Amino acid sequence: MGKLTGQVAVVAGATRGAGRAIAMMLGAEGATVYVTGRSVRGKPATLGRSETIEETAELVTQLGGVGIAVRVDHTIETDIKSLFDRVRDEQGGQLDVLVNDVWGGDELTNWELPFWEHSLSNGLLMQQRAVHSHMMTSYYGVPLMIKRGRGLVIEITDGVDYKYRGNLYYSLAKISNIHLAEAMAADLAKHNVTALAVTPGFLRSEAMLDLFGVTESNWKEGAAKDPHFIASETPFYVGKGIACLAADPNVTEKSGQTWSSWALSDEYGFTDQDGTRPHWGNYYKKFVLKED
């Protein structure tokens, strides 16, 4: 039996990347995982991507959990309400873990333009997809936790601080996720529900592998295109960290904080899929900041 056997989780935005890996690692510990997103078989929602929520659910089940795919557009309030109505009805009101990983901002971000030249509509849509969606998802999911007096809400972000991230709209979305966790933690403290934020490092997602023209088996060759790629990590690294948080009986002590995949590895002792322990924080300070 896994450490999370009997627990119920919702991973919002679990079609691919970190969301898929998080769902899989929760499943590997025995959890029942509702995996949500817009891409379903025959109707991909992201141009050029083939991954679907059904595939993610099947992978969760293959690893020992129970994967349940539910098509949800997390920018549509009625979709979100229906999701949690279903969780309540099917699980007797139980919800132990909620992971807000909805993003959809890659195709909206132009890193070369200052904010006044950047598409305003794309910048605002990024907030809708990556911030408003998280707010609405927690709004409807958290009451299930409050009723039972326990639960864990995790905001997936990029970075551990409030520093500018190179694009105003991107930066605003990711920093907002951090503050959502901090603010929710304050409101939830008296209800024994934990809220925190987690960031991966340089994420070697399916889309990133494609961008670098490599596969997971030869990924190091991508360093020829960008030397920093050598410090990248698989999505399973942050997935394992979140599974550890979900299984930690003292996780409430971390409420309101922002954690990184590498700090969680230091805390809980897990490794990435190849047995290494990537530490983007140390690498960034040593090599990336030096360039700046």
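Just above sits the structure.
Can you help me understand the overall build of the protein in this one?
Scanning the protein from terminus to terminus reveals nine helices and seven strands. The globule rule puts the C-alpha radius of gyration for 292 residues at 19 Å, and the 18 Å found for the protein is close to it. Within the span of the protein, comprising 292 residues, buried residues form 52% of the whole. In the protein, once contacts between residues fewer than 6 apart in sequence are set aside, the share between residues at least 24 apart is 68%. With the model as given, the accessible surface of the protein reaches about 13,500 Å², and the carbon-plus-sulfur share is 54%. When the 28 basic and 36 acidic side-chain charges of the protein are each reduced to a single mean position, those positions are 3 Å apart.

Any chance you could explain the environment of Gly19 here in plain terms?
Tracing the backbone through its elements, the reader meets Gly19 in helix α1 (residues 17-28). Gly19 sits 35 residues away from Glu54 along the chain, and the two C-alpha atoms are 13 Å apart. Excluding residues that lie within four positions of it along the chain, Gly19 makes contacts with Val11, Gly13, Ala14 and Asp101.

I would appreciate a short explanation of the sheet that holds strand β5 (residues 151-156) in the present structure.
Within a sheet, neighbouring strands are paired by backbone hydrogen bonds and run either parallel or antiparallel to one another. Strand order in the open sheet formed by seven strands is β3-β2-β1-β4-β5-β6-β7, with parallel pairing between adjacent strands. Sheet topology places β3 (66-71) and β7 (258-260) at the edges, where each strand pairs with a single neighbour. Strand-to-strand twist of the sheet, defined as the mean angle between neighbouring strand axes without regard to direction, takes the value 20°. Pairing between strand β4 (residues 97-100) and β5: four bridges, direction parallel. Along β5, the bridge assignment pairs Val97 with Leu152.

Looking at this structure, how should I read helix α8 (residues 261-268)?
Along an α-helix, residues three or four positions apart point the same way, because every turn accommodates 3.6 residues. For α8, the complete set of buried residues consists of Ser261, Trp262, Leu264 and Ser265. Seen along its axis, α8 keeps its buried residues to an arc of 160°; they face one direction. Those residues of α8 hidden inside the fold are in contact with β6 (193-199), α7 (235-247), β7 and α9 (280-291). Gly269, located one to two residues past α8, shows a positive phi value of around 85°.

Explanation requested: unusual backbone geometry in the structure shown.
In this structure, Asn192 is a non-glycine residue whose phi angle is positive, near 60°. Turning to its location among the elements, Asn192 is positioned in the loop between α5 (168-188) and β6. By relative accessible area, Asn192 is classed as partly exposed at 44%.

What should I look at first to understand the packing of helix α4 (residues 120-148) against α5 in this one?
Relative orientation and spacing of two packed helices are given, respectively, by the angle between their axes and the distance between those axes. Closest axis-to-axis distance for the α4/α5 pair is 10 Å, and the angle between their directions is 20°. The angle between α4 and α5 falls in the class roughly parallel. When the axes of α4 and α5 are compared, the crossing they make is right-handed. From α4, Leu120, Gly123, Met126, Gln127, Ala130, Val131, His134, Met135, Ser138, Val142 and Ile146 reach across to α5, where they touch Tyr169, Tyr170, Leu172, Ala173, Ser176, Asn177, Leu180, Met184 and Leu188. In terms of residue class, the contact of α4 with α5 is built from 14 nonpolar, six polar and no charged.

Scoring rules and cut-offs
- Residue positions within a chain follow its written sequence, with the count starting from 1.
- Only residues with pLDDT of at least 70 are given local features in this predicted model, and only at 80 or more are side-chain atom pairs given and counted; all residues enter the totals for whole chains, interfaces and linings.
- As a convention, hydrogens and water are excluded, and side-chain values are obtained from all of the structure's heavy atoms.
- Helix numbering and strand numbering both begin at the N terminus, where a helix is a DSSP run of H or I of at least 4 residues and a strand a DSSP run of E of at least 2.
- Between the two quantities, the radius of gyration covers C-alpha atoms and the globule rule is 2.2 Å times the number of residues to the power 0.38.
- The buried label goes to any residue with under 20% of its type's maximum accessible area, the exposed label to any with over 50%, and the partly exposed label to all in between, with areas taken from a 1.4 Å probe on protein chains only.
- We call two residues in contact when some of their heavy atoms are within 4.5 Å.
- All accessible areas in this document rest on Shrake-Rupley with a 1.4 Å probe, and a residue is counted as covered only by the protein chains that are shown.
- Only four residue types enter the charge count, namely Lys and Arg as positive and Asp and Glu as negative; His and the chain termini do not.
- Note on charges: their place is set at NZ of Lys, CZ of Arg, CG of Asp or CD of Glu.
- Here, any two strands with at least 2 DSSP bridges between them count as paired.
- All axes are obtained by fitting lines to C-alpha atoms, using only the stretch in contact for helices, and the reported angles, taken between N-to-C directions, cover 0 to 180 degrees.
- Note that the arc is defined by the directions from the helix axis to the C-beta atoms.
- Roughly parallel covers angles under 35 degrees, roughly antiparallel covers those over 145, roughly perpendicular covers 65 to 115, and oblique covers all other angles.
- When the near helix sits turned anticlockwise from the far one by under a right angle, the crossing is termed left-handed; a clockwise turn instead gives a right-handed crossing.
- When residues are grouped by polarity, Ala, Val, Leu, Ile, Met, Phe, Trp, Tyr, Cys and Pro land in nonpolar, Asp, Glu, Lys and Arg in charged, and all others, Gly among them, in polar.

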